[in-house]
Amino acid sequence: MEKIILTGDRPTGKLHLGHYVGSLKNRVALQNSGNFDKVFIMIADAQALTDNFDNPSKVRDNVIEVALDYLSCGIDPNKTTIFIQSEVSELTELTYYYMNLVTLSRLQRNPTVKNELALRNFEKSIPMGFLNYPISQAADITAFKATCVPVGVDQAPMIEQTREIVHSFNSIYGETLVMPEAMIPENEYEKRLPGTDGHAKMSKSLNNCIYLSDDEETIKKKVMSMYTDPNHIRVEDPGQVEGNIVFTYLDVFAKDSDFAKYLPNYKNLDELKSHYQKGGLGDVVIKKFLNNILQDFLRPIREKRHELENNIEYVYEVLEKGTEIARSYASETLKEVKDHMQINYFDSLYFKKEIVAKYSEK
Ligand code: TRP
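Residues numbered from 1 in each chain as written. Predicted model: local features only at pLDDT ≥ 70, side-chain atom pairs only at ≥ 80, totals over all residues. Heavy atoms only, no water.

*Asks:* What am I meant to see in unusual backbone geometry here?
*Replies:* The general pattern is negative phi for most residues beyond glycine and trans for most peptide bonds. Residue asparagine 121 is not a glycine yet carries a positive backbone phi of 55°. Here asparagine 121 lies in the loop between α6 (111–119) and α7 (128–131). Asparagine 121 sits in the exposed class, given a relative accessible area of 66%. (Helix = DSSP H or I, 4+ residues; strand = E, 2+ residues; numbered from the N terminus. Buried < 20%, exposed > 50% of the residue type's maximum accessible area, 1.4 Å probe, protein only.)

Now the structure itself:
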């Protein structure tokens, strides 16, 4: 069986370091691993509309922002098909048939849905489209016969729901859909990179993000005002590295070669940490060090992005071609689904012959 990846993001904002550490980095690695026959990345605009239906221009604008972020981070359109969800109408059609296989109470029990309903104050009056999005996600995944779905931990219940739909469809209509597996990050920071303010999660609404597209000054400002150890007041004071966001980020981004380049008095992060813990190492030193590292990391991404922004026609072309390819795969699956459900009235010669024979006997 072919090994196929499908994953995606809701286009509701530019992507940030949390997205990079938690998913983009891994996607680029998977794309380049040669272990997969096909890789699809979907910009889930239709899903984003389920809680932004009153603000379609926000979703629309961010489709391009997310595409720019993908391409500038190394998603390669020659290896990965990038496409726009709403432009593949087969997905909506599949959703409609899968809806028959899921109960209202099952959707309401989905832990991610539950959480999100509470966050959006939707509990008293739940929009059908929003409640339905796990089913539409099952359509996204199965349309491309995905075997592997790399997602964050919060998305695990969606893959579980998809697996139930696949199981149910195949039991009723015969073996048709491919059973997907979730691929969830194991590393703690990949699961959830904390925000610059020390909050457990980097998130647009908390205003604690470093965006992949931030300019040099903005990055520096954000790093210099990062949350450290509130009890580390004077340089001589012993400091704590646990929960100190500068050290968390150094854990993720610092390489030994960065020490040689920017902080040659230390060999590695362990040495830097133990000095900080003993006392005598100020926050400004570690922040400047982290700033240097993040600048080196983000500069090429930003430069690539500027290049692409100046060639936006090309970005459109990537999306249009990718969407066309995606459509051809999804329509193949939709056909198989309809064949198995026996609602293939006009494209099944067999069915027509049978009906004609039955009625001409009368
Ligand atoms: N729900 C995902 C998110 O919020 C986006 C998404 C939509 C997705 N369809 C998908 C992810 C299919 C993986 C597979 O980020």
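Having seen the model, we can carry on.
*Asks:* I keep staring at the side chain of glutamine 295 and nothing clicks. Help me out?
*Replies:* Its location among the elements puts glutamine 295 in helix α15 (residues 283–309). With near-sequence residues (within four places) excluded, glutamine 295 lies in contact with Glu216, Ile219, Lys220 and Arg302. (Contact = heavy atoms within 4.5 Å.)

*Asks:* Sorry if this is basic, but what is going on with the site of the ligand here?
*Replies:* The immediate surroundings of the ligand are formed by 13 residues, with Arg10, Gln47, Gln137, Asp140 and Gln155 found nearest. Glutamine 47 is positioned with one of its side-chain polar atoms (N or O) 2.7 Å from a nitrogen atom of the ligand. Within the side chain of aspartate 140, one N or O atom sits 2.8 Å away from a nitrogen atom of the ligand. For the ligand, whose accessible area on its own is 370 Å², the fraction buried by protein is 90%. When contributions to the shell around the ligand are tallied by element, the ones reaching two or more residues are β1 (4–9) and α8 (133–143). Here the shell around the ligand is built from residues that sort into 6 nonpolar, 5 polar and 2 charged. (Near = heavy atom within 4 Å. Polar contact = N/O pair within 3.5 Å; in protein donor to acceptor, adjacent residues only side chain to side chain. Areas by Shrake-Rupley, 256 points an atom, 1.4 Å probe, with all protein chains shown as cover. Nonpolar A, V, L, I, M, F, W, Y, C, P; charged D, E, K, R; others polar.)

*Asks:* Please explain the domain arrangement of the protein as it appears in this structure.
*Replies:* Many analyses report the size of an interface as the accessible area lost when the parts associate. Per the domain assignment, the segments of the protein are domain 1 (4–193 + 313–357) and domain 2 (216–309). When each unit is reduced to the centre of its C-alpha atoms, the spacing between domain 1 and domain 2 is 37 Å. Taken together, the contact between domain 1 and domain 2 spans 14 residues of the former and 13 residues of the latter. Taken together, the two surfaces of domain 1 and domain 2 that pack against each other cover about 1200 Å², and 76% of this comes from carbon and sulfur. Contact with domain 2 buries surface across domain 1, with Leu17, Ser72 and Tyr189 losing the most and accounting together for 43% of the total. Counting the contacts that link domain 1 with domain 2 gives 2 salt bridges. Ionic pairing is found between arginine 305 and aspartate 69, a salt bridge with its closest N-O pair at 3.1 Å. (Domains from an automatic or database assignment. Buried area = accessible area lost by both parts, 1.4 Å probe. Salt bridge = Lys/Arg side-chain N within 4 Å of Asp/Glu carboxyl O.)

*Asks:* Is there a simple way to explain the pattern of salt bridges in this structure?
*Replies:* Pairing of side chains with opposite charge becomes possible as their charged atoms draw close. Counted under the stated rule, the structure contains 20 salt bridges. Ionic pairing is found between arginine 234 and aspartate 237, a salt bridge with its closest N-O pair at 3.2 Å. The exposure class assigned to aspartate 237 is buried, which follows from its relative accessible area of 14%.

*Asks:* Sorry, what's going on with α15 here?
*Replies:* Turn by turn, an α-helix covers 3.6 residues, leaving residues three or four places apart pointing in a common direction. With 27 residues, α15 should cover 39 Å at 1.5 Å per step; its first-to-last C-alpha distance of 36 Å lies within 8% of that length. At leucine 298, α15 is deflected by roughly 35°, the largest bend along its length, and proline proline 300 occurs up to four residues later in sequence. (Expected span 1.5 Å × (residues − 1). Bend = angle between axes of the 7 residues up to and from the residue.)

*Asks:* Just checking my understanding: could you explain the pairing of strand β2 (residues 38–43) for this structure?
*Replies:* Successive side chains on a regular strand alternate, one facing one side of the sheet and the next facing the other. Here β2 lies mainly inside the structure; 6 of its 6 residues are buried. Of the two faces of β2, both are covered, the one formed by Lys38, Phe40 and Met42 as well as the one formed by Val39, Ile41 and Ile43. Both β1 and β2 contribute to a ladder of 6 bridges, which runs parallel. Paired with leucine 6 across the bridge in β2 is phenylalanine 40. As a crossover connection, the stretch from β1 through helix α1 (residues 17–33) into β2 is right-handed. The pairing of β2 with strand β3 (residues 81–84) spans 4 bridges and is parallel. (Pairing = 2+ DSSP bridges. Right-handed = clockwise from strand over helix to strand, strands pointing away.)

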